[in-house]
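Architecture and fold: a report
Letter by letter, the chains look like this.
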Amino acid sequence: MTSPAAATADYLDQRTGIGGAVKEFARKVFPDHWSFLLGEIALYSFVTLLISGTFLTMFFVPSMTEVTYHGPWASLQGTRMSEAFASTLRLSFEVRGGLLMRQVHHWAALIFMASIVTHMMRVFFTGAFRKPRELNWVVGFTLLLLGLAAGFSGYSLPDDVLSGNGLRISDGVLRAVPIIGTYGSYFLFGGEFPGEALIPRLFTVHILLVPGLILALVGLHLFMVVLAKHTQYPGSGRSDRNVVGFPLFPVYVAKAGGFFFMVFGVIALMAATMQINPVWNYGPYDPSPVSAGSQPDWYMLFLDGALRLMPGGAEFVVGGFTVPLNILIPAMVVPGVLFGVLATYPFIEAYATGDRREHHVLDRPRNRPFRTALGVSLLVAFFVLVLAGSNDLIATHFHLSINDITWVLRFALFLAPAAAFVVTKRMCLALQRRDRELVLHGHEHATILRTQSGEYIEVHQPLNEHERWIRVQHDPIRPLQVAPAQDSRGVRRKGYAADVRRAKLSRLFYADRVEPVTPAELAAAHSHGEHDALPGATAQHELVPGGHGALVADEDGH
Amino acid sequence: MSWFAAHRHDRRAPLFLLLLALLTTGGVYALLVPPTASAASTTSTDEISAGQKLFTANCATCHGPGATGTAAAPSLVGVGAAAVDFQVGTGRMPAQMSGPQVQVKPVQFDADQIAQLAAYVASLGPGPSIPTAEQVDPAKGDPATGMALFRTNCAQCHNAVGAGGSLSQGKFAPNLWQTTPTHLYEAMLTGPQSMPVFNQATLTSEEKRDIIAFVTKQGGEQPGGLSLGSLGPVSEGLWAWVIGLGALLGAAVWIGAKSS
Ligand code: HEM
């Protein structure tokens, strides 16, 4: 009677007892929102990377041995090149489906990184990193770094001029580190740059080390999502103690399965129609030529941009060692600050908030003006650096002087994030005030009443419960107060100075704020606002229909 | 001979020998290398005088009567027919607006007039002449050698496949995909504006032809689909965000639409 599938399941269950776990898992509830799919885009593009990458390893030869090219691409006929480059050409022009797979792999890498960044933005702006998910944020952050490492090591494998230029820059950055830099470079390249050792080493990193770590950490990441349950957006009926959504099976599994094919489909479509990394145009690596328009993939572009913005003269010599600040600042300090802030932000915010509660309901970004403003200003700084990394293309496409662009962006790097911070914070506060306004007075109704005595009154329609709940559900966060410097016996308290510092940070975060409407305020507003909330409640009001917020006078109105 | 013998201990003898050596090598060189200004001698005087008229009407305001140069524009004595054919044939001359770089605009003279102008300027002093069809024939060049030469000599300004690139202060190296083989050759030979001159010693005429063979293959259909301007990773990244992530966000919103 039983179907083969059921029989197999039963066979497995009797031997492993897996049925219970599957049943338990299948009934897990997942909240549903499009922004929760961003992590899935990352996951599916990673799966796409694994599939296409496996195909590539079958044909790619990770060797720097020199060979002479005799293949179908005329412009490289008879050129000396490494086996790595030659095998990339063979993949592109001779292996059936090879070029498509190369392009699938590279587009998937760009989309993987883009989706990681957008996923991280979602987690950041909604406060999904708060307790108990701080550790998962750290796991995610490590995944971001591993994604960068995967991209960089893969980009360098074909051994073309463009990727070689990228390696040369990394070599320069490594050498810029005082004292150990040169040793580090010799160690990495197995001797003088470029050497013979690098490509095989990068190959191991790219196909074994990094993907292995990513796979393990993605597993941990998802396990921690299940463990802590997924967060949910605020709404009536949702609290820090429940999860409202669909069961994993069948609804979520069906949606997720379908979504995998969409992600794969979009990547495959791009790979089939749009060329990416045409290494045959760049030619085999040779340290002398650097062509115009040499840039790294987009996720590394901000580093290139920082290098391009930095004035060249900033280097000095101490005790025989050159300290090239012109390289160290853009290539180490800038990413150090960016990644440092990102890695530690959940802990900094918890420290400034002084909050040890668990959070499962997400923040609306407007309700955390400092965080939202900080996030936007980091993004703006990143974007300025990306523009700086593309300065030559901006110059040719908009007929501008590259020198002017560089100067403008040097200032913009400091001014634009500051301006973005102020503007975003103002916008958040204004949106919060608008929320208060709505809760207290209701929607504008575009109806104006005129009383017999000639007084004009605007009619408001009160919010329904759901609308109101979203706008009042969050807790106000106030700056931390410092306990007095002396205890009850007048003894100087240990840790007072640290408390003062903490209170200062807390004020920075939360001094400017708009608090949600309290029940008391709401009650007060309703009792005094009765007459304008309920049209025609009192007899002496004569109704005059108004058109869309404009005043409308009747005949005897003059 | 006795005069030499008598004076061989003279203090000036080494100097004299050096002069003699220089004269001999110079003479041999002149015999072996064909004169570059040969075109001037084959053109008729009619053509030259027609060219002079055109020049006086269109060019003399900047380059001065007799093309000897003014504060506004350089002297054209000795720039040769190749420079004129390139500058006028690509629409750069007569120059118009002043800016960081003389811009290309629609060509203002027909082929005959350009030849007349070229003949006139070539008559002013010997300079590089217009290359023959044989010298610029892409079919006779080797694109692989051309690619290697292009990478070391041209790509730093013009991009790996000649898509163009930026120089300092608003100057730029243009895209080369529409440039005719003759103009490619002449650009190398005369080095317009910020571009260096690639004379016979830097790139032989065979090597120039190899480069032409490579450049004329670029910009057409490319393996792997749309070339996105052949501008490298920046344009790829832009499209990854706009098309790739754009479509996927659209799909995510669509899937998540019936939620909360
Ligand atoms: C390889 C890269 C990554 C993959 C495949 C991945 C995948 C996922 C998936 C599928 C989810 C559940 C759905 C969702 O909320 O989007 C998730 C949640 C989460 N991710 Fe990631 N992620 C990656 C990188 C990151 C990064 C870079 C961060 C931040 C530094 C991060 C932080 C989090 C957090 C805190 C959650 C829990 C969100 C919540 O419960 O609301 N992840 N991740």
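None of the values given here were measured: they were computed from a predicted structure.

**Focus: the coordination of the iron atom of the ligand**
All names here are of chain A. Distances from the iron atom of the ligand to its protein donors, His119 (NE2) and His221 (NE2), fall at 1.9 to 2.1 Å. Considering all 6 donor atoms around the iron atom of the ligand, the spread of angles at the metal, 83 to 178°, places the coordination shape in the octahedral class. A residue pair is termed long-range when its members are at least 10 positions apart, and histidine 119 in helix H5 (residues 98-125) and histidine 221 in helix H9 (residues 198-228) qualify at 102 residues.

**Some thoughts on the environment of alanine 350 of chain A**
Residue and element names in this part refer to chain A. Along the chain, the position of alanine 350 falls in helix H13 (residues 325-353). Taking C-alpha positions, alanine 350 is 62 Å from histidine 70, a pair spaced 280 residues apart along the chain. When near neighbours in sequence (up to four residues on either side) are disregarded, alanine 350 contacts Asp355 and Arg502.

**Some thoughts on unusual backbone geometry**
Note that the residue after lysine 131 of chain A, namely proline 132 of chain A, is joined by a cis bond; omega there is 5°. Counting through the fold element by element, proline 132 of chain A comes out in the loop between H5 and helix H6 (134-156). Non-glycine residue alanine 67 of chain B carries a positive phi angle of around 55°. Mapping alanine 67 of chain B onto the fold places it in the loop between helix H5 (60-63) and helix H6 (80-89). The backbone of asparagine 159 of chain B shows a phi angle near 75°, a positive value even though the residue is not glycine. One can find asparagine 159 of chain B in the loop between helix H9 (155-158) and strand E1 (165-166).

**Structural notes on the domain arrangement of chain B**
Residues and elements named next belong to chain B. Taken as a whole, chain B is organised into domain 1 (39-123) and domain 2 (138-221). Relative to domain 2, the C-alpha centre of domain 1 lies at a distance of 23 Å. At the junction of the two partners, domain 1 supplies 12 residues and domain 2 supplies 13 residues. Roughly 1100 Å² of surface becomes buried between domain 1 and domain 2 when both sides are summed, with 56% attributable to carbon and sulfur atoms. Looking at the side of domain 1 facing domain 2, the largest losses of area belong to Phe86, Pro100 and Gln101, adding up to 49% of the total buried there. Summed over the shared surface of domain 1 and domain 2, the number is 0 salt bridges. Counting the contacts that link domain 1 with domain 2 gives 3 residue pairs in polar contact (both at pLDDT 80 or more). Classifying every residue of the side of domain 1 that touches domain 2 gives 5 nonpolar, 5 polar and 2 charged.

**Details of the side chain of arginine 410 of chain A**
Residues and elements named next belong to chain A. Along the chain, the position of arginine 410 falls in helix H16 (residues 402-441). We note that arginine 410 is buried and unpaired, the nearest opposite charge coming from aspartate 404 at a distance of 10 Å. One polar contact links the side chain of arginine 410 to the main-chain carbonyl oxygen of leucine 309, over a distance of 2.6 Å.

**Here's the deal with the nonpolar core**
Core analysis: the biggest nonpolar cluster contains 90 residues, and Trp107, Met113, Ile214, Phe259 and Phe339 of chain A have the highest contact counts within it. In terms of residue count, H5 of chain A provides more of this core than any other element does, 14 residues in total. Excluding its chain neighbours within four sequence positions, the residues that come into contact with isoleucine 214 of chain A are Phe46, Leu143, Leu146, Gly147 and Ala150 of chain A. Of all hydrophobic cores here, the second largest spans 27 residues; its members include Met147, Leu184, Phe198 and Ile212 of chain B.

**Quick notes on a nonpolar patch on the surface**
Residue and element names in this part refer to chain A. Taken together, the side chains of Tyr11, Leu12, Ile18 and Val22 make up a nonpolar region of the molecular surface, amounting to roughly 390 Å² of accessible area. Of all the elements in the fold, those that place two or more residues in the nonpolar patch are helix H1 (4-16) and helix H2 (18-26). Along the chain, the position of isoleucine 18 falls in helix H2.

**Some remarks on the site of the ligand**
All names here are of chain A. Close to the ligand lie 23 residues; His119, Arg122, His221, His230 and Thr231 are nearest. Taking histidine 221, its side chain carries an N or O atom lying 2.7 Å from a nitrogen atom of the ligand. Within the side chain of histidine 230, a nitrogen or oxygen atom sits 2.7 Å from an oxygen atom of the ligand. Counting residues per element, the ones that place at least two in the shell around the ligand are helix H3 (38-57), H5, H6 and H9. Residue composition of the shell around the ligand, grouped by class: 14 nonpolar, 6 polar and 3 charged.

**What to know about the packing of aromatic side chains**
Overall, the coordinates contain 31 aromatic pairs over all chains when judged by the stated rule. Ring centres of phenylalanine 260 of chain A and phenylalanine 261 of chain A lie 5.3 Å apart, and the angle between their planes is 75°; on these two criteria the pair is classed as edge-to-face. Three or more aromatic residues joined by ring pairs make a cluster, and in this case those are Phe124, Phe125, Phe129, Trp137, Tyr345, Phe370, Phe421, Phe509 and Tyr510 of chain A. The side chain of arginine 410 of chain A reaches across the aromatic face of tryptophan 407 of chain A, ending 4.5 Å from its centre. Directly above the ring of tyrosine 185 of chain B sits lysine 208 of chain B, whose terminal nitrogen or CZ lies 5.7 Å from the centroid.

**Focus on the confidence of the model for chain B**
All names here are of chain B. For chain B, per-residue confidence averages 82 on the pLDDT scale, and 82% of positions sit at 70 or higher. Across chain B, the secondary-structure element scoring lowest on mean pLDDT is helix H3 (residues 38-42), at 46, and the one scoring highest is helix H12 (residues 233-256), at 92. Here residues 33-41 is modelled with pLDDT under 50, and outside its nearest four sequence neighbours on either side it reaches 7 contacts, counting other chains as well.

**Topic: the packing of helix H4 (residues 45-58) of chain B against helix H7 (residues 111-124) of chain B**
If you want to describe how two helices pack, look at the angle between their axes and the distance between the axes. All names here are of chain B. Running from N to C, H4 and H7 point in directions that differ by 100°, and their axes come no closer than 7 Å. Comparing the axis directions of H4 and H7 gives the class roughly perpendicular. Contacts between H4 and H7 involve Glu47, Ile48, Ala50, Gly51, Gln52, Leu54 and Phe55 on the former and, on the latter, Gln113, Ala115, Gln116, Leu117, Ala119, Tyr120, Val121 and Ser123. For the contact of H4 with H7, the residue count by class is 9 nonpolar, 5 polar and 1 charged.

**Comments concerning the pattern of salt bridges**
Under the counting rule described, the total for this entry stands at 24 salt bridges over all chains. In this structure, the salt-bridge partner of glutamate 134 of chain B is arginine 209 of chain B, at a minimum N-O distance of 3.8 Å. You can see glutamate 134 of chain B sitting in the loop between H7 and helix H8 (143-153) and its partner arginine 209 of chain B sitting in helix H11 (residues 205-215), a full 75 residues away along the chain. Bridged by salt links that share partners, the residues Arg130, Glu349, Asp363, Arg368 and Arg371 of chain A form one connected network.

The rules behind each value
Residues numbered from 1 in each chain as written. Chains lettered and ligands numbered in written order. Predicted model: local features only at pLDDT ≥ 70, side-chain atom pairs only at ≥ 80, totals over all residues. Heavy atoms only, no water. Donors = N, O, S within 2.8 Å, 3.2 Å for Na, K, Ca; no water. Tetrahedral: all angles 85-135°; square planar, octahedral: opposite > 155°, others 65-115°. Helix = DSSP H or I, 4+ residues; strand = E, 2+ residues; numbered from the N terminus. Contact = heavy atoms within 4.5 Å. Domains from an automatic or database assignment. Buried area = accessible area lost by both parts, 1.4 Å probe. Salt bridge = Lys/Arg side-chain N within 4 Å of Asp/Glu carboxyl O. Polar contact = N/O pair within 3.5 Å; in protein donor to acceptor, adjacent residues only side chain to side chain. Nonpolar A, V, L, I, M, F, W, Y, C, P; charged D, E, K, R; others polar. Buried < 20%, exposed > 50% of the residue type's maximum accessible area, 1.4 Å probe, protein only. Lys, Arg positive; Asp, Glu negative; His and termini not counted. Core = buried A, V, L, I, M, F, W, Y, C linked by side-chain atoms within 4.5 Å. Patch = residues over 30% accessible without salt bridge, like charges linked within 9 Å, V, L, I, M, F, W, Y side chains within 5 Å. Areas by Shrake-Rupley, 256 points an atom, 1.4 Å probe, with all protein chains shown as cover. Near = heavy atom within 4 Å. Phe/Tyr/Trp six-rings, centres within 6.5 Å; stacked < 30°, edge-to-face > 60°. Lys NZ or Arg CZ within 6 Å of the ring centre and 35° of its normal. pLDDT = per-residue confidence, 0-100. Axes fitted to C-alpha atoms, helices over the stretch in contact; angles between N-to-C directions. Parallel < 35°, antiparallel > 145°, perpendicular 65-115°, else oblique.

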